[in-house]
Amino acid sequence: MKISPRLLCVTLFAFAFFLPTLIAPRAAKAEDKVLRIIGWEGYMDDSFTQEFTKRTGSKVEHTYCGSSDEMFAKIKAGGGEAYDLVTASGDLTRKLYEAEMLNKVDLSKVPNYAKLPKLFQNAPYNTFDGANYGVSIAWGPDYLIYDKAQVTEDEVKSWQVLFSPKYKGKVSVNDYQILLADIKLWFYGPTDIYNISKEELNSKIKPKLMPLRPQIRKFWTSQAELAQMFENKEIALGWGWPVTITQLKKSGKVDVGYTIPKEGTSGWSDSWMVIKGTKNADIAHQWMNYMLEGEAQKKMAEVSGYWPVSSLIVPLLSDQEKKDYHIDDLDAFFGTIHFWETVKNFDEWNDLWTEFKNAQ
Amino acid sequence: MAETSKRKGLGFWASFLPGFTWMTAFYFVPLGALLAYSFYTHDRRTQKDLPIFTLDSFRWIFSSPTNIQVFLRTLRIALTVTVIDVVVAFPVAYFLAFYAGRFKHMLLLLVLLPLWSSYLVRIYSWTLILNSSGVLNWLLLKLGILDHPSPDFIYNTFAITLVLCYAWLPFMILPLTSALERLPRRVLEAAADLGAGPVRTFRKVVFPLVLPGLLAGCVSVFSLSTGDYVTADLVGSGSSVVGKLIFDRFGTAANWPQSAALSLCVMLVLFIVFGILSRFGAFD
């Protein structure tokens, strides 16, 4: 029988079309007693994972990610076959929930949950449709960081300093479209900043956003890169996280200040979440409970510079640390930060962000 | 007689099948998956890619001016890099082929040496050279050429082009050197005997004869530059190249169909370029 080339092509194409569903990525099978966590650097440091391994016999294997999107992409590809837990910020939590990638948390296996301040219990960023899908880890604000040798304290009273002609090509912000919410906050106030429609993106956000492009030296993609640019005097101002400040203070090469300008700021509140399909749910629950203990929270806070959530840490802290972590004025301070939320029309935000990055 | 041909058949299959299986598993199948994914439907709510045929991803590529702009920028950079590498590599290859003598092998080794270190390390070392407090600025300040450090050496298209030129230069020097080595000396002597000057000899004799080697180098450098995105990420300011765009669609947007469609377009562009070059003997 002679096979016509056309028929062959059609058959091959049809075969190829359904192929990916047949060979969807399957990561290596979980071994016994290994907890595989994917997420932010600093949440899986040896200084507190070793104690967990000693107590439970389970090793902790980590996969660090530089962004929420990277976590999502990796979980999408690997799922419960590859990871047991994720450290999700508020911009990712609902997205994971809606993509049906999460298991509920069994609070009876996390007794320390009761030691969380009310604020962090059943929090809106990890509780969906009345069910708990996460346990808080830490939180913090997005700071305006500045090089004290180049910028005065008076200038950083407002985020508008980022647009000042004086600092053209001297600014770095995260390569992350969530910053569109910050633009809305800086120019239009704190209402509904994570809810921006396509029309609003084009009519209100874009005109304010574009003047920022020539100011930017480089978009940072890891906190170490941001720190390095401050050290090399590439930039004078940066939008960044406490972990960068901690690192810069340790190295001491450049004297940086940090502040929350008058417009307020965005921030994040991170949660452990159990990934659907995991075979290590029990170990995952033990881990979440362990990470709320005072000692573990303290070490985590020291390594990462992120602020702890569990009340069990309070007796271990000095007065200065209590002040730094806003333990005493928690309710009041927490209210001033506009925490990341999952953006619904993320693709449209992404398109504007790509256009912004390429505007030069 | 029949036995011999049967044995031959076995030999054929034994040598053909392993290679074919390898190519199928690691080349044709992934390529097929890529092709298929570009026609999948991406569900925005659940972020899942469903096997439902659609042309949306291709429509998205051509409806966004940013995508076109990034494509053109990438091709422009790749073309610049290729041209610069030809200009730089030609004298080097000429020297290696005709004048290096007993040092030739050592010098060729030196050309290859950087390839033994990690590509990432080499890019990082360029950031140390180019940054505002880097080696280049320090040197220019010492020499009195600049009176304050210039920020213009890094985080822009210039830096991307420079680093790519450096990174892919060996891929131009090697095929050029071997093409020049194969050039018969008697042809050059004949040209001289017949009264052609150096310029004319180069234009009419050397150039046409080494053209396939030159084009082979161009193919390597051009395609490597088109596909690269790490360099743009590390020494660029954030403006994308196509590779980064694909990476972002795959990672940030978790939209595999768009990412696959973009990859296909890049491959298509490269195929067209190769098609044109092969007419001039790039793959001979």
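## Quick look at the overall build of chain A
(1) Moving on: From N to C terminus, chain A includes 13 helices and 13 strands.
(2) Moving on: Relative to its length of 360 residues, chain A is compact, with a C-alpha radius of gyration of 22 Å against a globular reference of 21 Å.
(3) Moving on: Expressed as lengths along the three principal axes of its C-alpha atoms, the size of chain A is roughly 85 × 55 × 40 Å.
(4) Moving on: Counting every position in chain A, which comprises 360 residues, the buried fraction comes to 57%.
(5) Moving on: Long-range contacts, defined as pairs at least 24 residues apart, comprise 76% of the intrachain contacts of chain A with a sequence gap of at least 6.
(6) Moving on: Carbon and sulfur atoms form 53% of the exposed surface of chain A, whose accessible area is close to 15300 Å².
(7) Moving on: Distance between charge centroids for chain A: 4 Å, based on 43 positive and 47 negative side chains.

## Overview of helix 13 (residues 346-357) of chain A
Given 3.6 residues per turn, any residue in an α-helix points the same way as the ones three and four places further on.
Residues and elements named next belong to chain A.
(1) Moving on: Taking 1.5 Å of rise per residue, twelve residues should cover 16 Å, and helix 13 covers 16 Å from first to last C-alpha, within 8% of that figure.
(2) Moving on: Within helix 13, nine of the twelve residues are buried, which leaves it mostly tucked inside the rest of the structure.
(3) Moving on: Where helix 13 is concerned, the buried positions are F346, D347, W349, N350, L352, W353, T354, F356 and K357.

## Description of the pattern of salt bridges
(1) Moving on: Under the criterion given, the structure shown has 26 salt bridges over all chains.
(2) Moving on: A network of salt bridges, in which partner residues are shared, links A:D175, A:K357, B:D233, B:K244 and B:D248.

## Quick look at the packing of helix 5 (residues 179-188) of chain A against helix 13 of chain A
All names here are of chain A.
(1) Moving on: Two elements in contact, helix 5 and helix 13, have axes separated by 10 Å at closest approach and are oriented at 85°. Taken together, the axis directions place helix 5 and helix 13 in an arrangement best described as roughly perpendicular. When helix 5 is examined against helix 13, the residues L179, L180 and A181 are found in contact with a partner set consisting of W349, L352 and W353.
(2) Moving on: Residue composition of the contact of helix 5 with helix 13, by class: six nonpolar, no polar and no charged.

## Some points on the packing of aromatic side chains
(1) Moving on: Counted under the stated rule, the structure contains 51 aromatic pairs over all chains.
(2) Moving on: Note on B:Y37 and B:Y40: the rings are 4.6 Å apart at their centroids and 40° apart in plane angle, and the pair reads as tilted.
(3) Moving on: The class for B:Y37 is buried, based on a relative accessible area of 17%.
(4) Moving on: For B:Y40, a relative accessible area of 1% gives the class buried.
(5) Moving on: One aromatic cluster in this structure is built from A:Y43, A:F52, A:W268, A:W272, A:W287, A:Y290 and A:Y306.
(6) Moving on: Against the face of A:F346 rests A:K95, its NZ or CZ located 4.1 Å from the ring centre.

## Quick notes on the confidence of the model for chain A
(1) Moving on: On average, residues of chain A carry a pLDDT of 89, and 91% of them reach 70 or more.
(2) Moving on: In this model, residues 25-31 of chain A is a region of pLDDT below 50 whose contacts with residues beyond four sequence positions or in other chains number eleven contacts.

## Quick word on the interface of chain A and chain B
(1) Moving on: In this complex, chain A contributes 38 residues to the contact, which on the side of chain B involves 47 residues.
(2) Moving on: Both faces combined, the contact of chain A with chain B buries some 3500 Å², and carbon together with sulfur accounts for 51% of it.
(3) Moving on: Linking chain A to chain B there are three salt bridges.
(4) Moving on: Linking chain A with chain B are 15 residue pairs in polar contact (both at pLDDT 80 or more).

## A look at the environment of A:I260
All names here are of chain A.
(1) Moving on: Position of I260 relative to the elements: it lies in the loop between strand 10 (256-259) and strand 11 (265-274).
(2) Moving on: For I260, a relative accessible area of 28% translates into the label partly exposed.
(3) Moving on: Once the C-alpha coordinates of I260 and L144 are considered, the two residues, 116 residues apart in sequence, prove to be 6.2 Å apart.
(4) Moving on: Beyond its immediate chain neighbours, meaning those up to four positions away, I260 contacts P141, Y143, T265 and F333.

## Things to note about the nonpolar core
The nonpolar side chains of a soluble globular protein tend to be buried with one another.
(1) Moving on: Ranked by internal contacts, the top residues of the largest apolar core, which has 185 residues, are A:Y43, A:V86, A:L96, A:W139, A:L237 and A:W287.
(2) Moving on: Broken down by element, this core gets its largest block of residues, 13 residues, from helix 7 (residues 157-181) of chain B.
(3) Moving on: Excluding residues that lie within four positions of it along the chain, A:W287 makes contacts with A:L35, A:I37, A:Y43, A:F48, A:T49, A:F52, A:V60, A:L85 and A:W272.
(4) Moving on: By size, the runner-up hydrophobic cluster in this structure holds five residues, among which are B:Y37, B:Y40, B:W256 and B:A260.

## Looking at the sheet that holds strand 7 (residues 143-147) of chain A
All names here are of chain A.
(1) Moving on: Taken together, four strands build an open sheet; the order of strands is 8-9-7-10 and the sheet is mixed. In the strand order of this sheet, the two ends are held by strand 8 (171-172) and strand 10, each with one partner.
(2) Moving on: By the bridge criterion, two bridges tie strand 8 to strand 9 (residues 237-240) in an arrangement that is parallel. Directly across from V171, in strand 9, lies its bridge partner L237.

## Observations concerning helix 10 (residues 294-304) of chain A
(1) Moving on: Buried within helix 10 of chain A we find A:G294, A:A296, A:Q297, A:K298, A:M300, A:A301 and A:S304.
(2) Moving on: Residues of helix 10 of chain A that are buried in the fold lie against helix 2 (46-56), strand 6 (135-141), helix 8 (242-251), helix 9 (281-290), strand 12 (307-308) and helix 11 (319-324) of chain A.

## Focus: the environment of B:S259
Residue and element names in this part refer to chain B.
(1) Moving on: Position of S259 among the secondary structure elements: in helix 12 (residues 256-279).
(2) Moving on: In contact with S259, not counting residues within four places along its chain, are I246, R249 and F250.
(3) Moving on: One polar contact links the side chain of S259 to the main-chain carbonyl oxygen of I246, over a distance of 3.5 Å.

## Observations concerning the pairing of strand 3 (residues 85-88) of chain A
Residues and elements named next belong to chain A.
(1) Moving on: Burial along strand 3 is two-sided: L85 and T87 facing one way and V86 and A88 facing the other are all buried.
(2) Moving on: One ladder, built from two bridges, connects strand 1 (residues 34-39) with strand 3; its direction is parallel. By the bridge assignment, I37 is partnered in strand 3 with L85.
(3) Moving on: In this structure, strand 3 lies alongside strand 11, joined through four bridges in antiparallel fashion. Bridge pairing in strand 11 places T87 opposite W272.

## Concerning the environment of A:N103
Residue and element names in this part refer to chain A.
(1) Moving on: Tracing the sequence through the fold places N103 in the loop between helix 4 (90-98) and strand 4 (127-128).
(2) Moving on: For N103 and G80, which are 23 residues apart along the polypeptide, the C-alpha to C-alpha distance reads 10.0 Å.
(3) Moving on: Not counting residues within four places of it along the chain, the set of residues in contact with N103 comprises Y133, V274, I275, K276, G277 and T278.

Basis of the calculations
Residues numbered from 1 in each chain as written. Chains lettered and ligands numbered in written order. Predicted model: local features only at pLDDT ≥ 70, side-chain atom pairs only at ≥ 80, totals over all residues. Heavy atoms only, no water. Helix = DSSP H or I, 4+ residues; strand = E, 2+ residues; numbered from the N terminus. Rg over C-alpha atoms; globule rule 2.2 N^0.38 Å. Buried < 20%, exposed > 50% of the residue type's maximum accessible area, 1.4 Å probe, protein only. Contact = heavy atoms within 4.5 Å. Areas by Shrake-Rupley, 256 points an atom, 1.4 Å probe, with all protein chains shown as cover. Lys, Arg positive; Asp, Glu negative; His and termini not counted. Charge placed at Lys NZ, Arg CZ, Asp CG, Glu CD. Expected span 1.5 Å × (residues − 1). Salt bridge = Lys/Arg side-chain N within 4 Å of Asp/Glu carboxyl O. Axes fitted to C-alpha atoms, helices over the stretch in contact; angles between N-to-C directions. Parallel < 35°, antiparallel > 145°, perpendicular 65-115°, else oblique. Nonpolar A, V, L, I, M, F, W, Y, C, P; charged D, E, K, R; others polar. Phe/Tyr/Trp six-rings, centres within 6.5 Å; stacked < 30°, edge-to-face > 60°. Lys NZ or Arg CZ within 6 Å of the ring centre and 35° of its normal. pLDDT = per-residue confidence, 0-100. Buried area = accessible area lost by both parts, 1.4 Å probe. Polar contact = N/O pair within 3.5 Å; in protein donor to acceptor, adjacent residues only side chain to side chain. Core = buried A, V, L, I, M, F, W, Y, C linked by side-chain atoms within 4.5 Å. Pairing = 2+ DSSP bridges.

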